[in-house]
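# Structural characterization, general
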Amino acid sequence: MELCTILQPECTTCATPGSKKKVLELISNLVAAQYPTLSSQEVFESLLAREKMGSTGIGNGIAIPHGRLTTIDHPIAIFIKCEEAIAFDAIDKQPVDLLFALLVPADQCQQHLGTLSSMAQKLSDKQILKQLRKTHDATELYQVITA
């Protein structure tokens, strides 16, 4: 699946959320703003439920929060670059500054494991990480992540 089919430019941003909870709220608010049929609370609770099972901080300053929703029929992605890294309980104990969030239909989780895997692989490329961290705005961030 092409990333640009599930990640809209409006769901890509640079921000300074300050904490794990605040960044999950930011993700939820971005989704609700772009998809009015979804409530930010519903999205937040889905992301939080997954985080309670174990942190989605995969190391090297990266987190891939994800959740399941019964109210969507296609995946929705969000990409955030934190201007200041935040504590995220990552496996390497390092703060996180890049987050790729994915919301999937509850009945299609298996189909989207590949999307999570391919994003994790893309974010393990040192050149891509360097480019992402050098971006100055959401437009540039979107261009780099979808290239």
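Residues numbered from 1 in each chain as written. Predicted model: local features only at pLDDT ≥ 70, side-chain atom pairs only at ≥ 80, totals over all residues. Heavy atoms only, no water.

If you check an unreviewed UniProt entry, the protein appears there as PTS IIA-like nitrogen-regulatory protein PtsN from Shewanella frigidimarina.

### Considering helix α1 (residues 20–34)
Just so we agree on the cut-off: Secondary structure is summarised from DSSP: a helix means a run of H or I of at least four residues, a strand means a run of E of at least two, and numbering begins at the N terminus for each. To estimate how far a helix should extend, the number of its residues minus one is multiplied by 1.5 Å. We call a residue buried when its accessible area falls under 20% of the maximum for its residue type, exposed when it is over 50%, and partly exposed in between, using a 1.4 Å probe and counting protein chains only. Whether two residues are in contact is decided by their heavy atoms, any of which lying within 4.5 Å being enough.
Between its first and last C-alpha atoms α1 spans 22 Å; for 15 residues at 1.5 Å apiece the expected length is 21 Å, and the two agree. When we look at burial in α1, the residues that qualify are Lys 20, Val 23, Leu 24, Ile 27, Ser 28, Leu 30, Val 31 and Ala 32. Buried-residue contacts for α1 involve β1 (7–15), α2 (40–53), β5 (76–86) and β6 (96–105).

### Re the environment of Lys 22
Relative to the helices and strands, Lys 22 is located in helix α1. Judged by its relative accessible area of 46%, Lys 22 is partly exposed. With 64 residues separating them along the chain, Lys 22 and Ile 86 place their C-alpha atoms 9.8 Å apart.

### Notes on the nonpolar core
For the record, the criterion: Among the buried residues, those of types Ala, Val, Leu, Ile, Met, Phe, Trp, Tyr and Cys that are joined through side-chain atoms within 4.5 Å form a nonpolar core.
Counting residues in hydrophobic clusters, the biggest one holds 47 residues, and the most contacted among them are Ile 78, Phe 79, Phe 100, Leu 103, Leu 123 and Leu 132. It is β6 that contributes the most residues to this core, 8 residues altogether. Residues within four places of Phe 100 in sequence aside, it is in contact with Leu 3, Ala 63, Ile 64, Pro 65, Ala 77, Ile 78, Phe 79, Met 119 and Leu 123.

### What about the packing of aromatic side chains?
Stated precisely, the cut-off is as follows: The pairing test for Phe, Tyr and Trp rings, Trp by its six-membered ring, is centres within 6.5 Å, and the orientation test on the planes gives stacked under 30 degrees, edge-to-face over 60, and tilted for anything in between. In our convention, an over-ring charge means Lys NZ or Arg CZ found within 6 Å of a ring centre and within 35 degrees of that ring's normal.
If you walk through the whole model with that rule in mind, you get 0 aromatic pairs. The side chain of Lys 20 reaches across the aromatic face of Phe 88, ending 4.7 Å from its centre.

### Overview of the environment of Thr 16
For Thr 16, the location among the structural elements is in the loop between β1 and α1. Thr 16 gets classed as partly exposed once you look at its relative accessible area, which sits at 48%. Residues within four places of Thr 16 in sequence aside, it is in contact with Glu 83 and Glu 84.

### Here we look at the side chain of Lys 81
To keep it simple, the criterion reads: Asp and Glu are treated as the negative residues and Lys and Arg as the positive ones, with His and the ends of the chain left uncounted. Salt bridges, as used here, are contacts in which a Lys or Arg side-chain nitrogen is within 4 Å of a carboxyl oxygen on Asp or Glu. For this analysis, a polar contact is any N or O atom pair within 3.5 Å, provided that within protein one partner can donate a hydrogen and the other can accept it, and provided that sequence-adjacent residues contribute only side-chain to side-chain pairs.
The topology assignment puts Lys 81 in strand β5. For the buried Lys 81, which has no salt bridge, the nearest side chain bearing the opposite charge is Glu 83, at an N-O separation of 4.5 Å. A distance of 2.5 Å separates the side chain of Lys 81 from the backbone oxygen of Thr 135, its partner in a polar contact. For Lys 81, the contacting residues outside a window of four places in its chain are Thr 13, Cys 14, Ala 15, Asp 97, Leu 98, Leu 132, Arg 133, Lys 134, Thr 135 and Leu 141.

### As for the side chain of Thr 56
Tracing the backbone through its elements, the reader meets Thr 56 in the loop between α2 and β2 (57–59). Here Thr 56 falls in the buried class, since its relative accessible area comes to 4%. Side chain to side chain, Thr 56 and Glu 51 meet in a polar contact 2.3 Å long. In contact with Thr 56, other than residues within four places in its own chain, are Arg 50, Glu 51, Ile 62, Ala 63, Ile 64, Pro 65, His 66 and Phe 88.

### Focus: unusual backbone geometry
Not every positive phi belongs to a glycine, and Asp 89 is a case in point at roughly 55 degrees. Within the fold, Asp 89 resides in the loop between β5 and β6. The class for Asp 89 is exposed, based on a relative accessible area of 59%.

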